[in-house]
Amino acid sequence: MLRHPPAFHSRRPPETIEERALTDLEQQLHGLSTPSGDRAGDRAGGPWWREAVVYQVYIRSFADGNGDGIGDIAGLRSRLTYLQELGVDAIWINPWYRSPMVDAGYDVEDYREIDPLFGSMADAEALIADCHALGIRVIVDLVPNHTSSRHAWFQAALAAAPGSPERARYWFRPGRGAEGELPPNDWRSRFGGSAWTRVTEADGSPGEWYLHLFAPEQPDLNWDHPEIAQEFLSILRFWLDRGVDGFRIDVAHGLVKDPALPDLGERAVREDEPGPPDTTDHPYWDRDELSDIYREWRRVADSYAGDRMFVAEAWVSDPHRLARYLDGDVLHTAFNFHFLDCAWAAPALRATIDETLAAHVRVHAPSTWVLSNHDVTRHRSRYGSRLAGALGDSGGLSEVDLALGERRARAAALLLLALPGSAYVYQGEELGLWEAPIPEQAIQDPEFARTGRTRDGCRVPMPWSGEVAPFGFSPAGSDVAAPWLPQPAEWASVSAEREAADADSMLALYRRALALRRSLRALGDGELSWALEAPEGVLAFTREPGFQLIVNLSEAPVPLPAGWRVLLASCELADGGTALPVDGAVWLEREL
Ligand code: GLC
């Protein structure tokens, strides 16, 4: 029998020892009060995914159990108490399937096997059981847009002739030009260059081209082919049968292509720039037909007990288009990257929040909020720099003011966790990790070779303890390999061990915020109302019952409103506790 965590009645008073300790600590340290009264069961509990806090485990960098310098399932299992103490509801694990690891596992060779780097299927099943026993749900990462070039289907396609059924599962086309020497069209790979690679046919002659929106080792599947849809329904069932609670859908906006394969023309240039492309009326991003695929997926997930869910990775330009993925009987949730990509400025943040909420309310779906993930520059560095962009454009990182970034990241955490809906925390943001500089010879990201950009700086292994690398990431011992990416020596100051012992650390802030979020009925799913009297440059909203968030993005301290008690602050308050400094945030409770 598979065990599932009970349905979350998450609005409850502190219950565990850790939570009580946190609230006690809170009171001792800051003379602050916590919400009173038994709030458990006060509100109708919707499905867990409407308000879950999901922790992203970038498995190869979380914890290394066997000493090969790469994180694995054994390491993750050994650190589950940390996640429980942090107070997250679920984890999302980046791909762990058999893979040649050209793109860190996003090139899947076998969707039903665990890569030996990470462990075995028995380890995966044990992890799911451990998580469920701790009340933590498990979301796995599904990669349907492309396979690895080592996948049996692609190998069969290479061995078969042009026009064969084997090639029909992918996008093989003859080239243009007199000798077929030019790619079939001008589509661009997200990792730079043409999205087409030419194959050599079995007789040794230069042959057809195949499409890959990412690396050449990641050929795109042809979702017009019925066998592809059938296979992925079966893969979904395979993992649902093993007890997973949900799926993150990789490149969810890319599966369907315009079969006429029209040129991009002038848009091709924009496609090469860092940052999300414009997906409006695009031949391969965000096509209307995607809903048909996901509606079927939803039917499969809904046929299982226990509120299984999907979260789509869909980089689409218009929030209303994003909402289409959630409309009616399509997917449950989708990442809201507009918020992640938004500048640290009150008008922009407010506009993004409003647009997002409006688009989601219309389709009765919860919004998701996310600040960082394994593809973008860590937000502590982004917020400390005027130059660095989110999407691998780390050109401005030499200019980063990490103290400023930390201050803003602390405020952003309180904003993130107070917004209506569900929130994602990328591993290490709770420690305040920053984008690590990676020496060129150590870079692993396939994007680097073709664009000069790398996502490796946000993927560096976690510092757990101790004063020198690998900071407890790998077990101690002389035959232990160095971490797969080098950790900055300064990360001794942000190890989980160090921060757990420091009541003012980022970790302590996240733990308090998550414990409070669980106990406050106003937080999680629901609505917000902007405070009418907020000064310019200040974000302030209330949520009922009795909660207010204020973030000061103006250039001077702002007085706190009368009639409200401070529950949690991202920084020390000014003027004897009556004003909120610049780049600070507070959670307030209405005084009765
Ligand atoms: C998604 C993943 C990214 C990967 C790409 C190709 O954007 O998040 O890491 O490189 O898809 O699978």
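Being a predicted model, the structure only gives us computed values, none of them experimental. Going along each chain's sequence as written, the residues are numbered from 1 onward. In keeping with the predicted nature of the model, local features appear solely for residues at pLDDT of at least 70, side-chain atom pairs appear and are counted solely at 80 or more, and the whole-chain, interface and lining totals rest on all residues. Calculated side-chain values reflect all of the structure's heavy atoms, with hydrogen atoms and water omitted.

**Notes on empty space enclosed by the protein**
1) Next: Throughout, the protein atoms alone are placed on a 1 Å grid, and a set of points is a cavity if a 1.4 Å probe fits but cannot get out or a pocket if it is open with protein on both sides within 12 Å along at least five of seven lines; lining residues have an atom within 4 Å of a point. Grid points are joined across faces, edges and corners, and a volume is the space filled by probe spheres set on the points. Tallying each qualifying case throughout the model produces eight cavities of 30 Å³ or more.
2) Next: Computed from the structure, the largest cavity encloses a volume of approximately 380 Å³.
3) Next: What lines the largest cavity is a set of 25 residues, and nearest its centre among them are Arg190, Phe214, Trp315, Asp375 and Arg455.
4) Next: When residue character is reported, Ala, Val, Leu, Ile, Met, Phe, Trp, Tyr, Cys and Pro are called nonpolar, Asp, Glu, Lys and Arg charged, and the others, Gly included, polar. Partitioned by chemical class, the residues of the lining of the largest cavity number 10 nonpolar, six polar and nine charged.

**Some remarks on the sheet that holds strand E7 (residues 196–200)**
Remark on secondary structure: sheet strands pair via backbone hydrogen bonds, oriented parallel or antiparallel.
1) Next: Strand order across the open sheet formed by three strands is E6-E8-E7, with antiparallel pairing between neighbours. Both outer strands of the open sheet, strand E6 (172–173) and E7, are each paired with one neighbouring strand and no more.
2) Next: At least two DSSP bridges between two strands are needed for those strands to be called paired. Strands are runs of DSSP state E lasting at least 2 residues, helices are runs of H or I lasting at least 4, and numbering of each runs from the N terminus. Bridge count for E6 against strand E8 (residues 206–211) is two bridges, and the pairing is antiparallel. Looking across to E8, one finds that Arg173 is bridged to Trp209.

**Some thoughts on helix H4 (residues 121–133)**
1) Next: Expected span of a helix: the number of residues minus one, times 1.5 Å. The first and last C-alpha atoms of H4 sit 18 Å apart over 13 residues, in line with the 18 Å expected at 1.5 Å per residue.
2) Next: Buried within H4 are the following residues: Ala124, Leu127, Ile128, Cys131 and His132. Taken end-on, H4 shows its buried residues confined to a sector of 130°, consistent with a single buried face. Among the exposed residues of H4, those oriented more than 90 degrees off its buried face are Ala122 and Ala133.
3) Next: Whether two residues are in contact is decided by their heavy atoms: any pair within 4.5 Å suffices. Of the surrounding secondary structure, the elements contacted by the buried residues of H4 are helix H2 (73–78), helix H3 (80–86), strand E2 (90–93), strand E4 (110–114) and strand E5 (137–142). Partly exposed describes any residue whose relative accessible area lies between the buried limit of under 20% and the exposed limit of over 50%, with all areas from a 1.4 Å probe on protein chains only and scaled to the type maximum. Directions drawn from the helix axis to the C-beta atoms are what define this arc.

**Description of the site of the ligand**
1) Next: Here a residue counts as near a molecule or strand whenever at least one of its heavy atoms sits within 4 Å of it. Neighbouring residues of the ligand: 14 residues in total, closest Asp103, Asp250, Glu313, His374 and Asp375.
2) Next: Here an oxygen atom of the ligand sits 2.8 Å away from a polar atom, N or O, in the side chain of Glu313.
3) Next: Pairs of N or O atoms are called polar contacts if they sit within 3.5 Å, as long as, within protein, a hydrogen donor faces a hydrogen acceptor (for residues adjacent in sequence, only side-chain-to-side-chain pairs). Within the side chain of Asp375, a nitrogen or oxygen atom sits 2.5 Å from an oxygen atom of the ligand.
4) Next: Per-residue and other accessible areas were derived by the Shrake-Rupley procedure at a 1.4 Å probe size, with only the shown protein chains allowed to occlude residues. In isolation the ligand offers 310 Å² of accessible surface; the protein chains occlude 96% of this area.
5) Next: If you map the ligand onto the pockets, it falls in the largest cavity.
6) Next: Looking at the shell around the ligand residue by residue, the class counts come to four nonpolar, three polar and seven charged. Each molecule is assigned to a cavity or pocket provided more than half of its atoms lie within 2 Å of the corresponding grid points.

**Focus: the packing of aromatic side chains**
1) Next: Note on ring pairs: Phe, Tyr and Trp rings are taken, using the six-membered ring of Trp, and paired if centres are within 6.5 Å. Classes follow the plane angle, with under 30 degrees stacked, over 60 edge-to-face and the rest tilted. Counting across every chain of the model gives 31 aromatic pairs.
2) Next: Ring geometry for Phe238 against Trp239: centres 5.2 Å apart, planes inclined by 75°, an arrangement best described as edge-to-face. No difference in accessibility class separates Phe238 from Trp239, as the two residues are buried.
3) Next: An aromatic cluster of three or more residues is present, and its members are Trp96, Tyr97, Tyr111, Trp223, Phe232, Phe238, Trp239, Phe247, Tyr294, Trp297, Phe310 and Tyr325.
4) Next: The ring of Trp464 has Arg79 sitting right over it, with the charged end atom 4.1 Å from the ring centre.
5) Next: For a Lys NZ or an Arg CZ to count as sitting over a ring, it must be within 6 Å of the ring centre and within 35 degrees of the ring normal. Directly above the ring of Phe238 sits Arg242, whose terminal nitrogen or CZ lies 3.8 Å from the centroid.

**Concerning the side chain of Arg382**
1) Next: Turning to its location among the elements, Arg382 is positioned in helix H12 (residues 379–383).
2) Next: Among the polar contacts made by the side chain of Arg382, one reaches the main-chain carbonyl oxygen of Thr377 at a distance of 2.8 Å.

**So, the sheet that holds strand E16 (residues 547–552)**
1) Next: What the five strands build is an open sheet, ordered E14-E15-E16-E20-E18; its pairing is antiparallel. At either margin of the open sheet sits one strand with a lone partner, and together these are strand E14 (529–530) and strand E18 (564–569).
2) Next: Examined bridge by bridge, E14 and strand E15 (residues 538–543) share two bridges and lie antiparallel to one another. Within the sheet, the bridge partner assigned to Trp530 lies in E15 and is Phe541.
3) Next: Here an axis means a line fitted to C-alpha atoms, over the contact stretch when the element is a helix, while the angle between two N-to-C directions is reported on a 0 to 180 degree scale. Its contacts with the sheet put helix H11 (residues 346–362) on E14 and E15, and the angle it makes with E15 is roughly 35°.

**A word on the packing of helix H6 (residues 226–241) against helix H8 (residues 290–302)**
Packed helix pairs are characterised by how far apart their axes lie and by the angle those axes make with each other.
1) Next: Following both chains from N to C, one finds H6 and H8 inclined at 25°, their axes separated by 10 Å at the closest point. Classified by the interaxial angle, the pair formed by H6 and H8 is roughly parallel. Crossing geometry of H6 relative to H8 is assigned as right-handed. For the pair H6 and H8, the contacting residues are Phe232, Leu233, Leu236, Arg237 and Leu240 in the first and Glu296, Trp297, Val300 and Ala301 in the second.
2) Next: Here the residues of the contact of H6 with H8 sort into seven nonpolar, no polar and two charged. When describing relative orientation, an angle under 35 degrees is termed roughly parallel and one over 145 degrees roughly antiparallel, while 65 to 115 degrees is termed roughly perpendicular and anything else oblique. Left-handed describes a crossing whose near helix is turned anticlockwise from the far helix by less than a right angle; the clockwise case is right-handed.

**A look at the nonpolar core**
1) Next: Side-chain atoms within 4.5 Å are what join buried Ala, Val, Leu, Ile, Met, Phe, Trp, Tyr and Cys residues into a set we call a nonpolar core. In this structure, Tyr55, Trp96, Tyr294, Trp297 and Trp587 are the most contacted members of the largest nonpolar core, which totals 158 residues.
2) Next: In this entry, domain limits derive from an automatic or database-based domain assignment. No fewer than three residues from each of domain 1 (17–145 + 222–513) and domain 2 (152–211) sit in this core.
3) Next: Grouped together as the second largest cluster of nonpolar side chains are 16 residues, Ala195, Trp209, Phe214 and Ala268 included.

**Remarks on the environment of Gly466**
1) Next: Considering the arrangement of structural elements, one finds Gly466 in the loop between helix H14 (446–451) and helix H15 (496–500).
2) Next: Under the relative-accessibility criterion, Gly466 is labelled partly exposed at 27%.
3) Next: Along the primary structure Gly466 and Ala159 are separated by 307 residues, whereas in three dimensions their C-alpha atoms are 52 Å apart.
4) Next: Once residues within four sequence positions are removed from consideration, Gly466 is found in contact with Phe471, Ala492 and Glu497.

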